[in-house]
Amino acid sequence: MAPTTSEHIHCLIIGSGPAGYTAAIYAARAGLNPVMYQGLQPGGQLTITNDVENFPGYPDGVMGPEMMEDLKKQAERFGTDIRYGIATAVDFEAHPRRITIDEKLELTADTVIIATGASAKWLGLPSEQRLNGSGVSACAVCDGFFYRGKDVAIVGAGDTAAEEATYLANLCSKVYMIVRKGEMKASKIMQKRVLDNPKIEVLWNTITDEILGEHAVEAVRVKNVVEGTTRDLAVEGFFVAIGHEPNSKIFQPYLHHDEQGYLKTIPGTSKTNVDGVFACGDVQDYTYRQAVTAAGTGCMAALDAERYLAALGD
Ligand SMILES: Cc1cc2nc3c(=O)[nH]c(=O)nc-3n(C[C@H](O)[C@H](O)[C@H](O)COP(=O)(O)OP(=O)(O)OC[C@H]3O[C@@H](n4cnc5c(N)ncnc54)[C@H](O)[C@@H]3O)c2cc1C
């Protein structure tokens, strides 16, 4: 469908997670009149989790959705125009930059802040979805603490899975690492760390059949695909570490990115290779992927946008 309406925006923010809202707070207070499109998941990834205990400023922890509502109110307080809508196409060769919302609204923008995050990949089991947030997690650094002294399982065979298994082994009494093949993709050094750790038991050639438990994870049923045998592991936490997908598809034709699609920024800044287009949060962060780092880079993006506009004389 051809875009119908047209509107010019001074500072456009795409995405409403911690990065987008922090960018909005800074941009609004700097008088940039930011307009934010929230995307499919208003509030971002933290809206699907319960307790957030590591975001500074909440000494007793906070529920993820509540924290995102707080950030939204703070952005609105300074005048951010927050709208429903998904960016479905961009033209970053055009001047000013062009952005299409929901395939029908055409915008132009003096500056664009991309804060579209990344989505965890899941196994696709119904029980994984049902128990998400009740023992199932895609973030060991975020949720491992809740399972200290307990037995857990983690699925994955790459560097992130190996790193997260090692992280969990520092907290938990036992970590089962479920590896689909007879080998791992992780680098040799990460594999060695896993294999040398007495708290980690690697289950080779093993797949997850089902996550068991009524209201919380109680066990995981796994199957050894070579031997054809099935067993139940009594665990309270089940971590999925099979990768993330940065939400960057529409930007990739214009912006430098790595082979997984993470947008590249000039080190120490939020600048992309296109003038006036900035990226922050998980969409450009393969390494840390935390709310506080997303918020920090959101601040950087707003400050970089402000300086860019000031240099243009806007
Ligand atoms: C289960 C779970 C628990 C977690 N727990 C913690 C924790 O305890 N502590 C912590 O620090 N971190 C935690 N994290 C990680 C944290 O949620 C992320 O690091 C953080 O949310 C990243 O923020 P972001 O703003 O970059 O992106 P996201 O939160 O991913 O938000 C992305 C936003 O972009 C929008 N969007 C995407 N595509 C488009 C588009 N085309 N157009 C418009 N909008 C779009 C989405 O709707 C969304 O609003 C957890 C993650 C998960 C999955």
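Naming follows an unreviewed UniProt entry, where the chain appears as Thioredoxin reductase of Hymenobacter actinosclerus. Of the chain, the UniProt comment under Cofactor (unreviewed entry) reads exactly: "FAD".

1. Here's the deal with the nonpolar core
Core analysis: the largest hydrophobic core is formed by 30 residues, its most contacted members being I13, Y21, M67 and I113. Contributing elements (two or more residues each) for this core: β1 (5-14), α1 (18-29), α2 (64-77) and α7 (291-312). Among the elements that make up this core, the one with the highest residue count is α7 (7 residues). Those residues within four positions of Y21 in sequence are excluded, and the remaining contacts are S16, M36, Q38, G43, M68, L71, K72, A75 and I82.

2. Structural notes on the site of the ligand
Around the ligand sit 32 residues, and of these Q38, Q41, Q45, D282 and A291 come closest. L40 is positioned with one of its backbone polar atoms (N or O) 3.3 Å from an oxygen atom of the ligand. Within the contact set of the ligand, an oxygen atom lies 3.5 Å away from a backbone nitrogen or oxygen of T116. Contact with the protein chains covers 95% of the free accessible surface of the ligand, which is 1,000 Å².

3. What about the sheet that holds strand β14 (residues 206-212)?
The 3 strands lie next to each other as β14-β15-β16, forming an open sheet whose pairing is antiparallel. Since the sheet does not close on itself, it has two edges, and those belong to β14 and β16 (229-233), each with one partner. For this sheet, the mean inter-axis angle between neighbouring strands, taken without regard to orientation, is 25 degrees. Pairing geometry for β14 and strand β15 (residues 219-224), over 6 bridges, is antiparallel. Across the sheet, L212 pairs through a bridge with A219, a residue of β15.

4. Regarding the packing of α1 against α2
As a packed pair, α1 and α2 sit with axes 8 Å apart at the nearest point and diverge in direction by 25 degrees. Considered as vectors, α1 and α2 are oriented roughly parallel to each other. Remark: the crossing between α1 and α2 carries left-handed chirality. Facing α1, whose interface residues are P18, Y21, A24 and I25, α2 presents M68, L71, K72, Q74 and A75. In the contact of α1 with α2, the residues fall into 7 nonpolar, 1 polar and 1 charged.

5. Re the domain arrangement of the chain
Domain annotation for the chain reports domain 1 (4-119 + 244-311) and domain 2 (122-240). Taken residue by residue, the interface counts 9 residues in domain 1 and 9 residues in domain 2. Both faces combined, the contact of domain 1 with domain 2 buries some 660 Å², and carbon together with sulfur accounts for 41% of it. It is I48, E53 and Q290 in domain 1 that bury the most area against domain 2; as a group they hold 42% of the surface buried on that side. Scanning the region where domain 1 abuts domain 2 turns up 0 salt bridges. Between domain 1 and domain 2 we count 0 residue pairs in polar contact (both at pLDDT 80 or more) in total. Considered class by class, the residues forming the side of domain 1 that touches domain 2 number 1 nonpolar, 5 polar and 3 charged.

Criteria and thresholds
Residues numbered from 1 in each chain as written. Predicted model: local features only at pLDDT ≥ 70, side-chain atom pairs only at ≥ 80, totals over all residues. Heavy atoms only, no water. UniProt positions renumbered as here; feature names shortened; annotations may be inferred. Core = buried A, V, L, I, M, F, W, Y, C linked by side-chain atoms within 4.5 Å. Buried < 20%, exposed > 50% of the residue type's maximum accessible area, 1.4 Å probe, protein only. Helix = DSSP H or I, 4+ residues; strand = E, 2+ residues; numbered from the N terminus. Contact = heavy atoms within 4.5 Å. Near = heavy atom within 4 Å. Polar contact = N/O pair within 3.5 Å; in protein donor to acceptor, adjacent residues only side chain to side chain. Areas by Shrake-Rupley, 256 points an atom, 1.4 Å probe, with all protein chains shown as cover. Pairing = 2+ DSSP bridges. Axes fitted to C-alpha atoms, helices over the stretch in contact; angles between N-to-C directions. Parallel < 35°, antiparallel > 145°, perpendicular 65-115°, else oblique. Left-handed = near helix turned anticlockwise from the far one by under 90°. Nonpolar A, V, L, I, M, F, W, Y, C, P; charged D, E, K, R; others polar. Domains from an automatic or database assignment. Buried area = accessible area lost by both parts, 1.4 Å probe. Salt bridge = Lys/Arg side-chain N within 4 Å of Asp/Glu carboxyl O.

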